[in-house]
Amino acid sequence: MKVYHKKNFLWGVLLLLLGLLLLAAGVGKGFTLRSAVVAALLLFLGGGILLRSLSRDLSREDRVQERDERSLLVALRARGTAFRCAQGVCFLCLVAVLLGHRALGEETAALLALAFGGMWTVMAVSELAALWYHERHS
C-alpha cells in the first residue's frame, strides 16, 4: 500500500482520529444527535480522503484540481475576503469596546481595546507590507 498524496493522507488520518475521539467521548458521556452526526461526517470524510490518497488515479486527479488556475484564484479571493471580514470585525469590536470603556469606565474594556487595537494594527501593517512586496516583485 503506497501513499500517493501525503497531504490528503494526513488530513484523512486527522479526520478519522477526530471522529474516533468523538465516538469515544460519546460512549463515555452519552451521545447527542449533533455529536453523532458530526462523528459520522468526520469518519466518512476522513475515510474518503484517506482512500483517495491511496489511489494513484484519484490522487492524480486531486493534484490536478489543486493546481488548477481557477481553483487557485477562487481560494485566493476567498482568503482575501475572509481577511477583509476579519479586519472589519476586529475594527468594529475595537470601536464597541472603546465606546463601552467610555460609557462604563471599566479597566478590562481598556485592556480589550489594547488587544483589538493591536490585532487591527498588525492586520493593517501586514496588508500594507504584502501590497508593497507584491508591487515590488511583479
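Residues numbered from 1 in each chain as written. Predicted model: local features only at pLDDT ≥ 70, side-chain atom pairs only at ≥ 80, totals over all residues. Heavy atoms only, no water.

Trainee: I keep staring at the side chain of His5 and nothing clicks. Help me out?
Mentor: Relative to the assigned elements, His5 resides in the segment before α1 (6–29). Only 3.1 Å separates the side chain of His5 from the side chain of Glu66, close enough to count as a polar contact. (Helix = DSSP H or I, 4+ residues; strand = E, 2+ residues; numbered from the N terminus. Polar contact = N/O pair within 3.5 Å; in protein donor to acceptor, adjacent residues only side chain to side chain.)

Trainee: Just checking my understanding: could you explain the packing of helix α4 (residues 69–104) against helix α5 (residues 107–136) for this structure?
Mentor: Packed helices, taken two at a time, are described by the angle their axes make and the gap between the axes. Running from amino to carboxyl end, α4 crosses α5 at an angle of 150°, the nearest separation of the two axes being 9 Å. It follows from the interaxial angle that α4 and α5 lie roughly antiparallel. The way α4 lies across α5 gives a crossing that is left-handed. Within the contact between the two elements, α4 uses Phe83, Ala86, Gln87, Cys90, Phe91, Cys93, Leu94, Val97, Leu98 and His101 and α5 uses Ala109, Ala110, Leu112, Ala113, Phe116, Gly117, Met119, Trp120, Met123, Ala124, Ser126 and Glu127. Its residues assigned to classes, the contact of α4 with α5 shows 17 nonpolar, 4 polar and 1 charged. (Axes fitted to C-alpha atoms, helices over the stretch in contact; angles between N-to-C directions. Parallel < 35°, antiparallel > 145°, perpendicular 65-115°, else oblique. Left-handed = near helix turned anticlockwise from the far one by under 90°. Contact = heavy atoms within 4.5 Å. Nonpolar A, V, L, I, M, F, W, Y, C, P; charged D, E, K, R; others polar.)

Trainee: Teacher, can you tell me more about the pattern of salt bridges here?
Mentor: It is possible for side chains bearing opposite charge to pair when their charged atoms get close. As enumerated under the stated definition, the model contains 4 salt bridges in all. In this structure, Arg52 and Asp62 form a salt bridge, with 2.8 Å as the shortest nitrogen-oxygen distance. One end of the pair, Arg52, is in helix α2 (residues 33–54); the other, Asp62, is in helix α3 (residues 56–67), and 10 residues separate them in sequence. Relative accessible area serves as the criterion here: at 28%, Arg52 is assigned to the partly exposed category. Assessed through its relative accessible area of 14%, Asp62 is described here as buried. Ionic pairing is found between Asp57 and Arg60, a salt bridge with its closest N-O pair at 3.7 Å. (Salt bridge = Lys/Arg side-chain N within 4 Å of Asp/Glu carboxyl O. Buried < 20%, exposed > 50% of the residue type's maximum accessible area, 1.4 Å probe, protein only.)

Trainee: Hey, could you run me through α4 in this one?
Mentor: One turn of an α-helix holds 3.6 residues; hence residues three or four places apart share an orientation. The terminal C-alpha atoms of α4 lie 52 Å apart, and with 36 residues this matches the ideal 52 Å at 1.5 Å per residue to within 8%. Among all positions in α4, only Gln87, Cys90, Leu94 and Val97 are buried. Of the surrounding secondary structure, the elements contacted by the buried residues of α4 are α5. Gly105, located one to two residues past α4, shows a positive phi value of around 75°. (Expected span 1.5 Å × (residues − 1).)

Trainee: Can you help me understand the environment of Arg52 in this one?
Mentor: Between the C-alpha atoms of Arg52 and Tyr4, which are 48 residues apart in sequence, the distance is 8.7 Å. Leave out the neighbours within four places in its chain, and Arg52 touches Leu58, Ser59, Glu61 and Asp62.

Trainee: Please explain the UniProt feature "transmembrane region" (unreviewed entry) in the chain as it appears in this structure.
Mentor: Here, the residues flagged by UniProt with the feature "transmembrane region" (unreviewed entry) are residues 36–54, 85–104 and 110–133. Helix makes up 100% of residues 36–54 and strand 0%, with an end-to-end C-alpha separation of 27 Å. When the span residues 85–104 is considered, its composition is 100% helix and 0% strand, and the gap between its end C-alpha atoms is 28 Å. (UniProt positions renumbered as here; feature names shortened; annotations may be inferred.)

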